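# Chain and residue survey
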Amino acid sequence: KNEVEQSPQNLTAQEGEFITINCSYSVGISALHWLQQHPGGGIVSLFMLSSGKKKHGRLIATINIQEKHSSLHITASHPRDSAVYICAVSIAYSGAGSYQLTFGKGTKLSVIP
Amino acid sequence: DTEVTQTPKHLVMGMTNKKSLKCEQHMGHRAMYWYKQKAKKPPELMFVYSYEKLSINESVPSRFSPECPNSSLLNLHLHALQPEDSALYLCASSQASGNSYNEQFFGPGTRLTVL
């Protein structure tokens, strides 16, 4: 079993819809990271969470430490939101202040006009 | 300056070539990372440098040779690669304060094709 599970794997939505992507993890973590990757592109950090909820524009991320679960919500979705969304958790300390990330397999989102 | 830059953006090389990938950041971060990402897969950690010293090598073949010449620069030297090494190579950096996870900032990646 993967330490980080994301669902759904693929998601198609109509423009304007409210979207939720879920992430569950099985071990204790120090932080959870939501990342966005456009096709062929680099990775952009959206949120880093260790508790509670964060909001940035149309994006909202929540985390429930007790339930080991996080959600990424997109309100009023737009075709430019089409990308792969990756959940990553910081589990292992690599030493000298660096941490390893364990990644989920990603959710491919397609928003249709 | 809050970005990580990587050069080149694309690289095509033969199996006998020697080439290098370059990563640079000017955010004062003292931890830098190399990841390899195959199509439709999540990134896989290759190397971690902390304070210019190699702290993690995830059993990467010796045909990949990392180098951290200073706190802003991270190189990945490539030699005698195989076609299966074709992938997107991502660099990231973070602060290295030790007490808790520090956010990693990713570069745009180098798309490598080995012929």
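Structure's up top.
Residues numbered from 1 in each chain as written. Chains lettered and ligands numbered in written order. Predicted model: local features only at pLDDT ≥ 70, side-chain atom pairs only at ≥ 80, totals over all residues. Heavy atoms only, no water.

This next bit is on the sheet that holds strand E8 (residues 69–74) of chain A. The strands that make up a sheet pair up through hydrogen bonds in the backbone, lying either parallel or antiparallel. All names here are of chain A. Pairing is antiparallel across the open sheet formed by five strands, whose spatial order is E1-E3-E8-E7-E6. The outermost strands of the open sheet, each flanked by one partner alone, are strand E1 (4–7) and strand E6 (52–56). With direction set aside, neighbouring strand axes in the sheet form an average angle of 15°. With six bridges joining them, strand E3 (residues 19–25) and E8 adopt antiparallel strand pairing. Note that in E8 the partner of Asn 22 across the bridge is Ser 71. (Pairing = 2+ DSSP bridges. Helix = DSSP H or I, 4+ residues; strand = E, 2+ residues; numbered from the N terminus. Axes fitted to C-alpha atoms, helices over the stretch in contact; angles between N-to-C directions.)

Evaluated as defined, the whole model comprises two disulfides over all chains. The residue that forms a disulfide with Cys 23 of chain A is Cys 87 of chain A, at a sulfur-sulfur distance of 2.0 Å. One disulfide, between Cys 23 of chain A and Cys 87 of chain A, carries an S-S torsion of -60° and so falls in the left-handed class. Placement of the pair is Cys 23 of chain A in strand E3 and Cys 87 of chain A in strand E9 (residues 83–95), with a sequence separation of 64 residues. Considered together, Cys 23 of chain A and Cys 87 of chain A belong to a single accessibility category, that of buried residues. Free of any disulfide, Cys 68 of chain B has its nearest neighbouring cysteine sulfur in Cys 23 of chain B, separated by 9.1 Å. (Disulfide = S-S within 2.5 Å. Buried < 20%, exposed > 50% of the residue type's maximum accessible area, 1.4 Å probe, protein only.)

Let us look at the interface of chain A and chain B. Facing 25 residues of chain A, the contacting portion of chain B comprises 29 residues. When chain A packs against chain B, close to 1,900 Å² is buried across both sides, 60% of that on carbon and sulfur atoms. On the chain A side of the contact with chain B, Ile 43, Tyr 99 and Phe 103 of chain A bury the most area, a combined 27% of that side's loss. Counting the contacts that link chain A with chain B gives zero salt bridges. The interface formed by chain A and chain B contains three residue pairs in polar contact (both at pLDDT 80 or more). Put simply, the parts of the chain that give the side of chain A that touches chain B at least two residues each are strand E4 (31–37), strand E5 (43–49), E9 and strand E10 (98–103) of chain A. The class makeup of the residues in the side of chain A that touches chain B is ten nonpolar, 14 polar and one charged. (Contact = heavy atoms within 4.5 Å. Buried area = accessible area lost by both parts, 1.4 Å probe. Salt bridge = Lys/Arg side-chain N within 4 Å of Asp/Glu carboxyl O. Polar contact = N/O pair within 3.5 Å; in protein donor to acceptor, adjacent residues only side chain to side chain. Nonpolar A, V, L, I, M, F, W, Y, C, P; charged D, E, K, R; others polar.)

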